[in-house]
Amino acid sequence: DAGVIQSPRHEVTEMGQEVTLRCKPISGHDYLFWYRQTMMRGLELLIYFNNNVPIDDSGMPEDRFSAKMPNASFSTLKIQPSEPRDSAVYFCASSLERWNEQFFGPGTRLTVL
Amino acid sequence: KQEVTQIPAALSVPEGENLVLNCSFTDSAIYNLQWFRQDPGKGLTSLLLIQSSQREQTSGRLNASLDKSSGRSTLYIAASQPGDSATYLCAVSAYNTDKLIFGTGTRLQVFP
């Protein structure tokens, strides 16, 4: 398996624009996690899914953020409208079962000007 | 609320040294603890996962120990190499959640 795949790897956009980040988890993994990493706050869990169903979105900072998982092999994290403070690296991770080892994607570095 | 702390925040050692990275957590009701490595500009790579019932796990030159009652874990790196230079993060998962709670990491530099 190719591991967790994220796209794009880098995104530069202007304030107010919509941003969509994409993730393909490892095949067969039941759990998918979206994280955000910044220098100030470290790694924060935004939302996670089990079998395509959102379980906990308490880490989503605002209504501007939304995430979907339409099927077992694809998830999106959308920011609309984007703001400069959203600039960070966004990681997607997946795990086979509950409490199992998590495997991370390479991340998407988002810069909002 | 679970809090995870890693000390030191940064460490610089000469090649060949054995070293210990520390991780502490405030709530001992954990299911497991995971150690990750992160290279600059890259994602996280899982190194070791220790179940709460285990005392240690080993992989090559790495050995991770867990003392759940005292809320501590250590990552021991034997015979360090320049290629070990990276940020090391520990993370714990609790029984009542599927979430991983991450520490702030230790930035390690091994110089030749």
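Look a little higher up for the structure.
Let me begin by describing the structure that accompanies this report. Being a predicted model, the structure only gives us computed values, none of them experimental.

Remarks on the state of the cysteines
Residues and elements named next belong to chain B.
- Enumeration over the complete set of coordinates arrives at two disulfides over all chains.
- Covalently, Cys-23 is tied to Cys-90 through a disulfide, its sulfur atoms 2.0 Å apart. One quick way to see it: the torsion about the S-S bond of Cys-23 and Cys-90 is about 80°, and its sign makes the bridge right-handed. Of this pair, Cys-23 sits in strand β3 (residues 19-25) while Cys-90 sits in strand β9 (residues 86-94); the two residues are 67 residues apart in sequence, bridging distant segments of the chain.

A closer look at the interface of chain A and chain B
- Facing the 20 residues of chain A at the interface are 20 residues of chain B.
- When the two sides are added together, the surface that chain A and chain B hide from each other amounts to roughly 1,600 Å², 54% of it contributed by carbon and sulfur.
- The interface formed by chain A and chain B includes one salt bridge.
- Across the pair A:Asp56 and B:Lys99 runs a salt bridge, and its minimum N-O distance is 3.0 Å.
- Linking chain A with chain B are four residue pairs in polar contact (both at pLDDT 80 or more).
- Of all the secondary-structure elements, those providing two or more residues to the side of chain A that touches chain B are β4 (31-38) and β5 (42-50) of chain A.
- Sorting elements by how many residues they give to the side of chain A that touches chain B places β4(A) first, with four residues.

A look at the side chain of A:His29
All names here are of chain A.
- In this fold, His-29 is placed in the loop between β3 (19-24) and β4.
- Taking the relative accessible area as the measure of exposure, His-29 reaches 12% and is therefore buried.
- A polar contact is formed between the side chain of His-29 and the backbone nitrogen of Ser-95, at a distance of 3.4 Å.
- Those residues in contact with His-29 that sit more than four places away from it in its chain are Ser-94, Ser-95, Leu-96 and Phe-103.

Some words on the environment of B:Gly43
- The topology assignment puts B:Gly43 in the loop between β4 (30-38) and β5 (44-51).
- Residue classification places B:Gly43 among the buried positions, given a relative accessible area of 12%.
- Along the chain, B:Gly43 and B:Val13 lie 30 residues apart, while their C-alpha atoms are 24 Å from each other.
- Contact partners of B:Gly43, with chain neighbours within four places excluded, come to A:Phe91, A:Gly105, A:Pro106, B:Arg37 and B:Gln38.

Regarding the environment of A:Pro70
- Note on placement: A:Pro70 falls in strand β7 (residues 65-71).
- Using a relative accessible area of 57% as the deciding quantity, one classes A:Pro70 as exposed.

Re the packing of aromatic side chains
- All chains considered together, the criterion is met by ten aromatic pairs over all chains.
- Note on A:Phe33 and A:Tyr35: the rings are 6.3 Å apart at their centroids and 25° apart in plane angle, and the pair reads as stacked.
- In this structure A:Phe33 comes out as buried when scored by relative accessible area, which is 1%.
- A:Tyr35 gets classed as buried once you look at its relative accessible area, which sits at 0%.
- An aromatic cluster is built from A:Tyr31, A:Phe33, A:Tyr35, A:Tyr48, A:Phe91, A:Phe104, B:Phe36 and B:Phe102, whose rings are joined through pairwise contacts.

Reading the values: rules and limits
- Residues numbered from 1 in each chain as written.
- Chains lettered and ligands numbered in written order.
- Predicted model: local features only at pLDDT ≥ 70, side-chain atom pairs only at ≥ 80, totals over all residues.
- Heavy atoms only, no water.
- Disulfide = S-S within 2.5 Å.
- Helix = DSSP H or I, 4+ residues; strand = E, 2+ residues; numbered from the N terminus.
- Contact = heavy atoms within 4.5 Å.
- Buried area = accessible area lost by both parts, 1.4 Å probe.
- Salt bridge = Lys/Arg side-chain N within 4 Å of Asp/Glu carboxyl O.
- Polar contact = N/O pair within 3.5 Å; in protein donor to acceptor, adjacent residues only side chain to side chain.
- Buried < 20%, exposed > 50% of the residue type's maximum accessible area, 1.4 Å probe, protein only.
- Phe/Tyr/Trp six-rings, centres within 6.5 Å; stacked < 30°, edge-to-face > 60°.

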